[in-house]
Structures are given as C-alpha cells and as structure tokens.
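Per-entry structural report
Letter by letter, the chains look like this.
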Amino acid sequence: METRQNRTNKNPAKPPWIRVAAPGGDNYETVRRLKTAAGLHTVCESALCPNIAECWHAGHATFMILGNGCTRNCRFCGVAGRPKPLDKDEPRRVAKAVAAMGLDHAVVTSVTRDDLSDGGAGHFAATIKEIRKNCPNAGIEVLVPDFAANRRALETVLAAGPDVVGHNMETTARLYPTVRPVADYRQSLALLCTAKRINPECITKSGFMLGLGETMGEIRQTIADIRAAGVQVLTMGQYLKPGPQNMDVAEYFSPEIFAQLKQYATEAGFALVESGPFVRSSYRAAAQAEALGIIRTPKSGKTNPGPAACGQ
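Below is a short write-up of the structure. (Residues numbered from 1 in each chain as written. Predicted model: local features only at pLDDT ≥ 70, side-chain atom pairs only at ≥ 80, totals over all residues. Heavy atoms only, no water.)

**Points about the environment of Met101**
To keep it simple, the criterion reads: Runs of H or I in DSSP of at least four residues are treated as helices and runs of E of at least two as strands, each being numbered from the N terminus. Three labels apply to residues, based on accessible area from a 1.4 Å probe with only protein chains included: buried if under 20% of the type maximum, exposed if over 50%, partly exposed otherwise in between.
Structurally, Met101 is set in helix H4 (residues 90-101). We classify Met101 as buried; its relative accessible area is 4%. With 40 residues separating them in the primary sequence, Met101 and Ala61 have C-alpha atoms 9.2 Å apart.

The structure is reproduced here in structure tokens:
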C-alpha cells in the first residue's frame, strides 16, 4: 500500500478532490418538500452530508428518526440539539414518505437516545413495520445506535425483520476516548456480533471514517475486527469537519488510498465495500441492496419509479 503524501497536521488544506456539487434541481426540491411536509428529519441535512445534492437529485434520502437531538456528544458529529419527547406518529409518516418517494430501498437511522429505556428500539421496530405495511416490496435498512449494550433492544429491532442492520464503528479503537467518549469500541463490535447470532440471515453492515489521526496499521486492524464480527458490507469515507465545535481533520486521504483500502477489505472477505472520500453509511445503499438481492422488484429502468413500486 502506497505511503501517504499528506501526513497528519492540524487543519490541513482541503485537497482538490474534496469538492461537492451545490444542492438543487427538480428531484432535490421534491425530496425537500416531501420531508418538510411530513415533518421528518434526514441525516443528509442534520449531519451535513456532502452527498446530499447527489442523493436527493436521484430521489433518495436517509430518514433520521427519534427526533433531531442526541444524548451523546461525539466530537465528529454535526447533529446538535437536545432530545425531545418521542413522536409516536413518526413511523407512520416515514412510511408514507417512503411510499411517496417510490423508494425500492428505504434507509432509516437515528440519533442516540440514552434517555429512553429501550434506546428507541421500539420506535425502530414500529418504523420497519409501517414501511412493510405501506411498501411490502421495498428493502429496509436500519442504522442503529449501540443501545447501551441492551440485547433486548437489538432483539426488538431484528424481530421487526429489516433486511440490513448497520452499526458504525466510526473510528479506530485508540481514538474512541477522543472521538466517541461516551461509546466503547468493544461494545460496538459486540453489537455487530450479537446481531449476527440473533439472526444469521440478516445482512450486517458497518463503517468508519478516515482522517481523525489513525495510522494505517490501525485502519487495517479495524477492518479485520469488523470482518471478524461477521459483517458483510463495509463503508469507509473521509472525515469532514461539519462545524466549528467539531474536532479538526487530521489528514485527507487520496482517492488512490481509498481504492487500495477497498481492495484490502475485499480480500479480507467482505461481500461489498464502498470506499472513497465522500462515502457515508447509506451512500449507494440501494445499489448495494440490488447487488445483494434484497430489492424485491427491479426498477424497470426508472431512476425513481414512483409509488407503484411500493405496491400502492
């Protein structure tokens, strides 16, 4: 693997490959209007995802449930605000939005809600069930928090029957106290292992960021740990500082390094690997679902097939 050109510095200059398109276009506005009218949050906006223009233009969005306020204070995350009382109608509105957008594959994530006895697991399950009811042919992918190591919470989510269960490692073991001070590396790995033990048929997925100060050896070890947990789908992307209150970027990795890491992870045994500067957890999730045989009805050549794809 090639030697990195840009060694760790505080706030290094953005390289030329860190450029994103400005949001806009008909599909973008359609997605924005739908989620606004439904009173929903998307991780695309709340976490300041760099792919929002690309994904919304394609008619895709990742819904963020359990509100827009988190009980944790991870230093990489752009989500801010205090948790509010649970909106019990949110699962129904998410499902209606999935139907209105004609999604073949729905992706749902959340903030962390340590203030709830089940960490929001019941809300995840209700959302999955509502999507199944409204869109029986759609694939469903959930990206869950660690539920504070509550196995019963994880069982609740898995019992609802998602096609993909994801939980992100986010960074390497050494950096957890700095990057995710309220989380635990081994606990997150254990969640991925437990999900596979509860339901061996469920596809599991994880990912982490590069550019927080990790070494190449630590990156390889994290890849190996995630694979040893039985995870089939891996995502790796560049950390980009979302706001002034967040930690600085330590290093920018070139597209060539990401390509080499993809090859390394593929050879380690992952079924699918997404690796690139702008890769995020749900990036190309629908294409992954199609490759994994999750999507039940093909798109028939359409970019956005409309509500008929959801059996409406």
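**Notes on the pairing of strand S2 (residues 62-65)**
In plain terms, the rule: Here a strand pair is declared whenever DSSP counts at least two bridges between the two strands.
With burial as the criterion, each face of S2 is covered, one bearing Thr62 and Met64 and the other bearing Phe63 and Ile65. Bridging between S2 and strand S3 (residues 105-110) involves 4 bridges; their strand directions are parallel. For Ile65, the partnering residue across the bridge sits in S3 and is Ser110.

**Topic: the pattern of salt bridges**
Convention followed: In the sections that follow, a salt bridge refers to a side-chain nitrogen of Lys or Arg positioned within 4 Å of a carboxyl oxygen of Asp or Glu.
This model, assessed by the stated rule, comprises 13 salt bridges. Salt-bridge contacts for Arg132 lead to Asp163; the nearest nitrogen and oxygen are separated by 3.1 Å. Of this pair, Arg132 sits in helix H5 (residues 121-134) while Asp163 sits in the loop between helix H6 (151-159) and strand S5 (164-166), and the two are 31 residues apart along the sequence. A relative accessible area of 16% places Asp163 in the buried class. Here Arg174 ties to Glu218 by a salt bridge, and the two come within 2.4 Å at their closest N and O atoms. Remark: Glu218 occurs in helix H9 (residues 216-228) and Arg174 occurs in the loop between S5 and helix H7 (176-179); sequence separation between them is 44 residues.

**Focus on the environment of Thr71**
Cut-off, in case you're wondering: Two residues qualify as a contact provided that any one of their heavy atoms is within 4.5 Å of a heavy atom in the partner residue. We define a polar contact as two N or O atoms separated by no more than 3.5 Å, with the added condition that, inside protein, one atom must be a possible hydrogen donor and the other a possible acceptor, whereas residues neighbouring each other in sequence contribute only through side-chain atom pairs.
Relative to the assigned elements, Thr71 resides in the loop between S2 and H4. On the accessibility criterion, Thr71 (32% relative accessible area) is partly exposed. The residues touching Thr71, leaving out its near neighbours within four places in the chain, are Pro83, Thr112, Arg113, Asp114 and Asp115. A distance of 3.0 Å separates the side chain of Thr71 from the backbone oxygen of Thr112, its partner in a polar contact. From its side chain, Thr71 meets the backbone nitrogen of Asp114 in a polar contact 2.9 Å long.

**Section: unusual backbone geometry**
Both trends apply: most residues other than glycine have a negative phi, and most peptide bonds are in trans. Of note in the backbone geometry, Ala148 takes a positive phi value of approximately 50° without being a glycine. The backbone of Glu170 shows a phi angle near 75°, a positive value even though the residue is not glycine. With respect to the secondary-structure elements, Glu170 resides in the loop between S5 and H7.

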